[in-house]
Amino acid sequence: MSIGTLTREVFDIKDLNLWYGEHHALKSINFPINKKEVTAIIGPSGCGKSTFIKTLNLMINMVPNVKMTGEINFNGQNVLNEKIDLVDLRKHVGMVFQKGNPFPQSIYDNIAYGPRIHGVKRKKDLDEIVTKSLMDVALWDEVKDRLHAPALGLSGGQQQRLCIARALATKPDVLLMDEPTSALDPISTLKIEELILELKEKYTIVIVTHNMQQASRVSDKTAFFLMGELIELDSTSTIFSNPKDSRTEGYITGRFG
Amino acid sequence: MSTRANFDQNLKELKSMLLKMASKSEYAIKEAMIALINQDIEKAKHVIKADSEINELEHEINDKALLLIARESPVASDLRKINVALKVSSEVERMADMAVNIAKSAVHIGEEKHIKELVDIPNMMERALDMVAESITAYYSEDITIAKKCAEKDDEVDKMFGRLIQELLGYIPQNPSSTNQIIQLAFVCRFLERIADHSTNIAENVIYLVTGQRIDLNA
């Protein structure tokens, strides 16, 4: 896969349809995702937002009976049509989930895991990646004296930042975050939000969130999904001040349904 | 089940507080003008004194609006409703200040006989009060047609103002001893013109409330 083309869009999704068996879960989604922007995806449970984000690195392929049509162009290549090396795709499109899910290994080995499977062997190189990744997520000062302690001994917020660092260690272009703070306390949540604002200097971020204030705080673009459809995609300030679709307005003002 | 019944109730209360404040301001303008026309100093003094109630209402509206912002994290039309309530309350408060100014002019003129019967100034007052009533109706019913209709009248009031000022200043050479009265009446014209401007601002806020677009109706 060739990376680094100079288009503004890192992803360009065209007419994407997805079925779980008979259930039509995503309906004709057209969705450009710009480089170095934070795109938030909001919508009620079951609207397809998590399904959508999982199509971007084809994590969705792990669900049985999934069928997709349309295009998911990543840096100009349709990952649905071409023979894609999934490990390589996921190196470029990292993902973080609702709850920190560190491997039952040391802090160091969690971060070094990705680079190792991609062939980085020298301890000096790995040390550098581990240090830099932990610094990027502002976890370095908190863990530098216990890099070889078990990652599962960290607090929930620290575990989540560790998982972000683990995703960053393979130098991805895109970071997918599926409700990354839903299991965290308010202060840890704000730390992750601050981190998102810092990371967008270097990465493209797509975040699924149930917290609309979070979407309005951290994102440049916001997309509203409803029953498998992309209802509205616009700048976050427009979505939260004057959305065009009354269904968006109903959802964000809490008067939905 | 309604998901935000309590919030909706609070937004309604905010609006009715503002309507109460607006009707008090409207009443104050009328009373001030009656005091001026009838040279009723006691009435004028009452208008000046009653202004504190309107100021108090503005503070209550501000406090409630800020509490709702803090508590409900409003967005989109909810946020516009609160934002507009804050802005309209401040326009209404300024209108009431104009009523106080008119009342003060009435006190300054006192019982000195008017240089002529006041005809055009009461006419101008009628126009300005029409605009006040229309702007408040537009706000109450969130009706942009009424808002635009209100703003269209502002030109007419501006023209009346220009004409009346010229006329009043023209009286000074023949009535030098009434200069104070003439200046006070010119001030009153200015206050009425400002009241019309505040109504126009309210109309602009109504358009923003309904459409999310900011437009300048004064231009």
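Keep in mind that what you see is a predicted model, and the values were worked out from it rather than measured.

Engineer: Please clarify how the overall build of chain A should be interpreted in this entry.
Structural biologist: A tally of helices and strands in chain A yields ten helices and ten strands. The globule rule puts the C-alpha radius of gyration for 257 residues at 18 Å, and the 18 Å found for chain A is close to it. With respect to the principal axes defined by its C-alpha atoms, chain A has extents near 55 × 40 × 35 Å. Looking at the 257 residues of chain A, the share that counts as buried comes to 43%. Sequence-distant contacts in chain A: of pairs separated by 6 or more residues, those separated by 24 or more amount to 69%.

Engineer: Can you help me understand helix α3 (residues 107–117) of chain A in this one?
Structural biologist: Because each turn of an α-helix spans 3.6 residues, side chains separated by three or four positions end up pointing in the same direction. All names here are of chain A. The complete set of buried residues in α3 reads Ile107, Asn110, Ile111, Ala112, Gly114 and Pro115. On its buried side, α3 packs onto α4 (123–136), α5 (140–143) and α6 (156–168). Positive phi appears at glycine 119, one or two residues downstream of α3, with a value of about 100°.

Engineer: Can you walk me through the sheet that holds strand β4 (residues 66–74) of chain A in this structure?
Structural biologist: Strand pairing in a sheet takes place through backbone hydrogen bonds and is either antiparallel or parallel in direction. All names here are of chain A. Spatial ordering of the open sheet is given by β2-β1-β4-β5, a layout of four strands whose pairing is antiparallel. Strands with a single pairing partner mark the edges of an open sheet, and in this sheet they are β2 (23–34) and β5 (77–78). As paired strands, strand β1 (residues 9–20) and β4 are joined by eight bridges and run antiparallel to one another. Among the inter-strand pairings, tyrosine 20 is bridged to a residue of β4, identified as valine 66.

Engineer: Explain the interface of chain B and chain A to me, please; I cannot follow it from the model alone.
Structural biologist: Often, the extent of an interface is quoted as the loss of accessible area upon association of its parts. Of the residues lining the interface, nine residues belong to chain B; the matching set on chain A comes to eleven residues. Each residue belonging to the side of chain B that touches chain A can be placed in one class, and the counts come to three nonpolar, four polar and two charged.

Engineer: When you look at the packing of helix α4 (residues 120–141) of chain B against helix α7 (residues 179–211) of chain B in this model, what are you seeing that I'm missing?
Structural biologist: Axes are the key here: two packed helices are described by the angle between their axes and the distance separating the axes. Residues and elements named next belong to chain B. Where α4 contacts α7, the two axes come as close as 9 Å, and the packing angle between them is 20°. When the interaxial angle is binned, α4 and α7 end up roughly parallel. Between α4 and α7 lies a crossing whose hand is left-handed. Contact with α4, carried on its side by Ile121, Met124, Met125, Ala128, Met131, Val132, Ser135, Ala138 and Tyr139, involves Leu185, Val188, Cys189, Leu192, Ile195, Ala196, Ser199, Ile202, Ala203 and Val206 of α7 and no other residues of that element. Its residues assigned to classes, the contact of α4 with α7 shows 17 nonpolar, two polar and no charged.

Engineer: When you look at unusual backbone geometry in this model, what are you seeing that I'm missing?
Structural biologist: Of all residues except glycine, most have a negative phi; of all peptide bonds, most are trans. Residues and elements named next belong to chain A. Even without being a glycine, asparagine 65 presents a positive backbone phi close to 65°. Relative to the assigned elements, asparagine 65 resides in the loop between α1 (49–56) and β4. Judged by local crowding, asparagine 65 falls into the exposed class, with 9 C-beta atoms found within 10 Å.

Engineer: What exactly am I supposed to notice about the nonpolar core here?
Structural biologist: Nonpolar side chains in soluble globular proteins generally cluster together in the buried interior. Residues and elements named next belong to chain A. Counting 70 residues, the largest nonpolar core has Ile41, Ala165, Leu175, Leu176, Ile205, Val206 and Ile207 as the members making the most contacts within it. With six residues, the top contributor of residues to this core is α6. If we skip the residues at most four places from it in the chain, isoleucine 207 touches Val38, Ala40, Met177, Pro180, Ile196, Val218 and Ser219.

The rules behind the values
- Residues numbered from 1 in each chain as written.
- Chains lettered and ligands numbered in written order.
- Predicted model: local features only at pLDDT ≥ 70, side-chain atom pairs only at ≥ 80, totals over all residues.
- Helix = DSSP H or I, 4+ residues; strand = E, 2+ residues; numbered from the N terminus.
- Rg over C-alpha atoms; globule rule 2.2 N^0.38 Å.
- Buried ≥ 20, exposed ≤ 12 C-beta atoms within 10 Å, placed from the backbone.
- Contact = placed C-beta atoms within 7 Å.
- Pairing = 2+ DSSP bridges.
- Nonpolar A, V, L, I, M, F, W, Y, C, P; charged D, E, K, R; others polar.
- Axes fitted to C-alpha atoms, helices over the stretch in contact; angles between N-to-C directions.
- Parallel < 35°, antiparallel > 145°, perpendicular 65-115°, else oblique.
- Left-handed = near helix turned anticlockwise from the far one by under 90°.
- Core = buried A, V, L, I, M, F, W, Y, C linked by C-beta atoms within 7 Å.

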